[in-house]
Amino acid sequence: MEDAENTLRALAQVYFDAAYDMDAEQFQSIFHPLSAVTRIGDDGEVSVMPIETWLGGVRNATAPRKLGLERKDEVVAIDVSDNLALIKLKLKLQMPPRHFTDLLSCLKVQGGWKIVQKVMSVNLRQ
């Protein structure tokens, strides 16, 4: 179980680095091709998009690193149960007015951990 947690912490670090650089290829390396991103849309409704659609948005986004924004990453919790894991992250990329909390559902697929579902919360504040 400890090995799984260490591996998932390493996966979270790749996720943090990819988010700071808006690196779609780095994200793609840790997401399963059939994964999806779920969030509450700007209209207040649940929005689910395939990972490829979300990665398209990443490719068109300006990286927080390029904007010189402060980076504060935090793994809040990791819960592992056999081949299933949940990682709760806070990304404090200081992209005002957006602040992110992500829950990453992971499965151990063919011997390696992959994110299969990202559920995100975006809080608007200054």
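Let me sum up the structure you'll find in this document. All of these numbers come straight from a predicted model, not from anything done at the bench. (Residues numbered from 1 in each chain as written. Predicted model: local features only at pLDDT ≥ 70, side-chain atom pairs only at ≥ 80, totals over all residues. Heavy atoms only, no water.)

**Some remarks on the overall build of the protein chain**
Then, number 1: Of the regular secondary structure elements, the protein chain holds three helices and six strands.
Then, number 2: In the protein chain, the succession of helices and strands from N to C terminus is α-α-β-β-α-β-β-β-β.
Then, number 3: With the C-alpha coordinates of the protein chain rotated into their principal frame, the extents come out at 40 × 30 × 25 Å.
Then, number 4: A burial count over the protein chain gives 33% of its 126 residues as buried.
Then, number 5: Looking at the protein chain alone, contacts between residues at least 24 apart form 50% of all its contacts between residues at least 6 apart.
Then, number 6: Accessible surface computed for the protein chain: about 7300 Å², of which carbon and sulfur atoms make up 50%.
Then, number 7: Where the 15 positive side-chain charges of the protein chain centre and where its 17 negative ones centre are 5 Å apart. (Helix = DSSP H or I, 4+ residues; strand = E, 2+ residues; numbered from the N terminus. Buried < 20%, exposed > 50% of the residue type's maximum accessible area, 1.4 Å probe, protein only. Contact = heavy atoms within 4.5 Å. Areas by Shrake-Rupley, 256 points an atom, 1.4 Å probe, with all protein chains shown as cover. Lys, Arg positive; Asp, Glu negative; His and termini not counted. Charge placed at Lys NZ, Arg CZ, Asp CG, Glu CD.)

**What about the packing of aromatic side chains?**
Then, number 1: Within this structure, the stated rule accounts for five aromatic pairs.
Then, number 2: Relative to Trp-54, the ring of Phe-27 lies with its centre 4.8 Å away and its plane at 70°, an arrangement referred to as edge-to-face. With Phe-27 in helix α2 (residues 24–30) and Trp-54 in helix α3 (residues 51–59), this pair connects stretches of sequence that are 27 residues apart. Comparing Phe-27 with Trp-54, the two get one shared label, buried.
Then, number 3: Their ring planes at 50° and their centres at 5.7 Å tell us that Phe-31 and Trp-54 sit as a pair that is tilted. Of this pair, Phe-31 sits in strand β1 (residues 31–40) while Trp-54 sits in helix α3, placing them 23 residues apart in sequence. Both residues of the pair, Phe-31 and Trp-54, count as buried.
Then, number 4: These aromatic residues form a ring-pair network of at least three members: Tyr-15, Phe-27, Phe-31 and Trp-54. (Phe/Tyr/Trp six-rings, centres within 6.5 Å; stacked < 30°, edge-to-face > 60°.)

**Comments concerning the nonpolar core**
Then, number 1: Among the nonpolar cores identified, the biggest contains 31 residues, and Tyr-15 and Phe-27 are the most heavily contacted of them.
Then, number 2: Of all the secondary-structure elements, those providing two or more residues to this core are α1 (2–21), α2, β1, α3, β3 (72–81), β4 (84–95), β5 (98–109) and β6 (112–124).
Then, number 3: The element that contributes the greatest number of residues to this core is α1, accounting for eight residues.
Then, number 4: Here Tyr-15 is in contact with Phe-27, Ile-30, Phe-31, Leu-89, Leu-91, Asp-102, Leu-104, Ile-115 and Lys-118, once residues within four sequence places are set aside. (Core = buried A, V, L, I, M, F, W, Y, C linked by side-chain atoms within 4.5 Å.)

**Re the pattern of salt bridges**
A side chain of one charge can pair with a side chain of the opposite charge if their charged atoms are brought near each other.
Then, number 1: Under the counting rule described, the total for this entry stands at seven salt bridges.
Then, number 2: Between Lys-118 and Asp-102 there is a salt bridge; the shortest N-O distance is 3.3 Å. Pair noted here: Lys-118 is in strand β6 and Asp-102 is in strand β5, with a separation of 16 residues, a long-range link. For the pair shown, Lys-118 and Asp-102 are each scored as buried.
Then, number 3: Connected through salt bridges with shared partners, the residues Asp-17, Arg-71 and Asp-73 form a single ionic network. (Salt bridge = Lys/Arg side-chain N within 4 Å of Asp/Glu carboxyl O.)

**Let's talk about unusual backbone geometry**
Then, number 1: Of note, the phi angle at Met-22 is positive, near 50°, even though the residue is not glycine.
Then, number 2: Mapping Met-22 onto the fold places it in the loop between α1 and α2.
Then, number 3: Here Met-22 falls in the buried class, since its relative accessible area comes to 19%.

**Description of the environment of Arg-65**
Then, number 1: You can see Arg-65 is positioned in the loop between α3 and β3.
Then, number 2: Put simply, Arg-65 and Asp-21 are 44 residues apart on the chain and 5.8 Å apart in space, counted from C-alpha to C-alpha.
Then, number 3: Each residue touching Arg-65, except ones within four places of it in the same chain, is listed here: Tyr-20 and Asp-21.
Then, number 4: Here the side chain of Arg-65 touches Asp-21 through a polar contact of 2.4 Å, side chain to side chain. (Polar contact = N/O pair within 3.5 Å; in protein donor to acceptor, adjacent residues only side chain to side chain.)

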